[in-house]
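One letter stands for each residue in the lines below.
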Amino acid sequence: MKAIEQTEFGIAISKYFIIPQRVITSIMGFLAIVTGYSQRVCLSMAITQMVVPKSAVRTIREDDIICPQDADKPPMTGGDYEWTEEQQGRILSFFYIGYLIGHIPGGMLGDYFGFKWVLAGGLLWSVITVFLTPPTVYLTEHIGLAILRIFTGLGQAVVFPNLSVMLSHWVPKHERGKLGALIMGGGQVGTVLAFTLSGIILHSLKWPMVFYIFGIIGLTWCAIFVVLCYSDPVTHPFIKPSEREYLVAELGSHIERKVLPPTPWTAIFTSPKIYALLSAQIGHDWGFYILITYLPKYYNDVLNINIKENGFYATFPFIAMWISSIAHGAVADFLIKKEYMNITNVRKMMTSLGNYRTQIYEAIGSLTLPIAFLAAVGPAIFLILGSYAGCHKALVITYFTCSLLTMGGYYAGMKLTPIDLSPNYSGTIMAISNGTGALFGVVSPYLVGVLTPNATLKEWRVVFWLAFAVLILTAVAYCIWASGEVQEWNDPDVYYENKAARKEAKRLAKEAKKQAELEAQKAQN
């Protein structure tokens, strides 16, 4: 965006801000994901109190491996809606249809107009759909709710693409690991907030209050964000001049949005780096969406954990993942700043740590791929162990917590790759990546509903083995082709000039070779 001259009033106000504006903007970005995720996943808790409890409609048989209720615990509670597991899976997965549709348009809007109003508008739209959830259920039951969830996903589709735009325009490279992990880790905090607060609300109040309370939280965020945040340092009216100069010096390579060339679609979709990114995104999202969507239902339907304890225990894996992501972000920044590793290898190492437990990428050279493959049992193997822990609730919760703990490096790794590859088109790249993940967000929760009609451990083991396979198989491409360096097509004009030059050089070389062959033939004759 075009730079503005700061007024004396703006400079005077800036003196009252102790925290740098890039940190304030990052914190608001973090809270954007927190409020977005809380609106997204609170239904996973609420739905356990909307439908008739499983214990009331099935017979517990030993060969089904359905855990008995604890005699000293309150009885399982539920609602009146007799929705099948497939119908519930449809409700939970339809969010990702809108999420998928809105990603690329949301990212492009952020690239061209700035993230502020696109992000605020998208989350305001999401808040409206959250407020509409109770009346929609009363009037249309599961059909209307599933359709409404599409519109909720449409509003939230702009979040991650526009936060990538925000990071590329506000955060220097050597600070992106720490602040990027903080922001992108907001999903875990939002999930913790949704599960904990929903459990408390549902223990004392009716399920509609869950949606009204989270709607109010979302409205509050929108109001504060609009006042405090701006799309660029050069358009911020009350940033400190010293911070503005620092950020312009560090991030001054951006092309002004009004003269940004059209998105280089051909270059993007013919880049192996993009497909490596998509592979890692698919593997992570498949496993992560299953847990974030179904963990409360698993605790409720399989382990027979009551609603208040459910909200408490379901937070453990996401707290572990958030702490892990922050720690990995600090390590990533340290390695980049001290130049111990280049950005590409840091991203690969963190993504491998995040998705597949451990991998000292740079030190093992050509052994990276087989070791990465062998280490791809991180989150996946803990899911398997959780399902084979049977009804040992403490052990199941521990294994699921370890599963997401090992995913923590993901947010200092692959999640920052769109910003590394193309600061100018980071919103669009993130939209392509996260949108691809959203496609599997549609498939995996719905597939869980189809595969677990009776919600037994045997049925769930099939789900977890499938997640294991997906996590392993998507590891290879990222380890081979991923990059953390700015790509040539980040500046399309330069890219097409160089492409034309290479084409011309190839033509001239071909002509020279042909001329040399003709001269050789003449010499022989």
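Residues numbered from 1 in each chain as written. Predicted model: local features only at pLDDT ≥ 70, side-chain atom pairs only at ≥ 80, totals over all residues. Heavy atoms only, no water.

Caption draft 1: The arrangement of the confidence of the model for the protein chain in detail. Mean pLDDT over the protein chain stands at 80; residues scoring 70 or higher make up 85%. In this model, residues 59-63 is a region of pLDDT below 50 whose contacts with residues beyond four sequence positions or in other chains number five contacts. Confidence drops under pLDDT 50 across residues 354-376; counting only partners more than four residues distant or on other chains, this segment forms 55 contacts. (pLDDT = per-residue confidence, 0-100. Contact = heavy atoms within 4.5 Å.)

Caption draft 2: Seen up close, unusual backbone geometry. Located in the positive-phi region is Glu 141, a residue other than glycine, with phi close to 55°. By the secondary structure assignment, Glu 141 is in helix H6 (residues 133-156). Even without being a glycine, Asn 304 presents a positive backbone phi close to 55°. With respect to the element layout, Asn 304 can be found in the loop between helix H13 (272-301) and helix H14 (307-313). (Helix = DSSP H or I, 4+ residues; strand = E, 2+ residues; numbered from the N terminus.)

Caption draft 3: Just the pattern of salt bridges, in detail. Applying the stated rule across the entire model yields five salt bridges. Between Lys 297 and Glu 85 there is a salt bridge; the shortest N-O distance is 3.7 Å. One end of the pair, Lys 297, is in helix H13; the other, Glu 85, is in helix H3 (residues 85-93), and 212 residues separate them in sequence. Glu 85 carries the same exposure label as Lys 297, and that label is buried. For the salt bridge of Lys 297 with Asp 301, the shortest nitrogen-to-oxygen distance reads 2.9 Å. Here Asp 301 and Lys 297 lie together in helix H13, a separation of four residues that amounts to about one turn. Residue Lys 297 shares its accessibility class with Asp 301, and that shared class is buried. Via salt bridges that share partners, Glu 85, Lys 297 and Asp 301 belong to a single interconnected network. (Salt bridge = Lys/Arg side-chain N within 4 Å of Asp/Glu carboxyl O. Buried < 20%, exposed > 50% of the residue type's maximum accessible area, 1.4 Å probe, protein only.)

Caption draft 4: Structural context of a nonpolar patch on the surface. A cluster of nonpolar side chains, Ile 101, Trp 125, Ile 143, Ile 147, Phe 151 and Leu 154, forms an exposed patch at the surface whose accessible area comes to about 570 Å². At four residues, the largest contribution of residues to the nonpolar patch is made by H6. Of note, Ile 143 is situated in helix H6. (Patch = residues over 30% accessible without salt bridge, like charges linked within 9 Å, V, L, I, M, F, W, Y side chains within 5 Å. Areas by Shrake-Rupley, 256 points an atom, 1.4 Å probe, with all protein chains shown as cover.)

Caption draft 5: Representation of the packing of H3 against helix H22 (residues 426-451) in the model. Packing of H3 against H22 leaves a shortest axis separation of 7 Å and a crossing angle of 165°. It follows from the interaxial angle that H3 and H22 lie roughly antiparallel. Crossing geometry of H3 relative to H22 is assigned as right-handed. Contacts between H3 and H22 involve Glu 85, Glu 86, Gly 89, Arg 90 and Ser 93 from the first element and Gly 441, Val 442, Pro 445, Tyr 446, Gly 449 and Val 450 from the second. The residue inventory of the contact of H3 with H22, partitioned by class, reads four nonpolar, four polar and three charged. (Axes fitted to C-alpha atoms, helices over the stretch in contact; angles between N-to-C directions. Parallel < 35°, antiparallel > 145°, perpendicular 65-115°, else oblique. Left-handed = near helix turned anticlockwise from the far one by under 90°. Nonpolar A, V, L, I, M, F, W, Y, C, P; charged D, E, K, R; others polar.)

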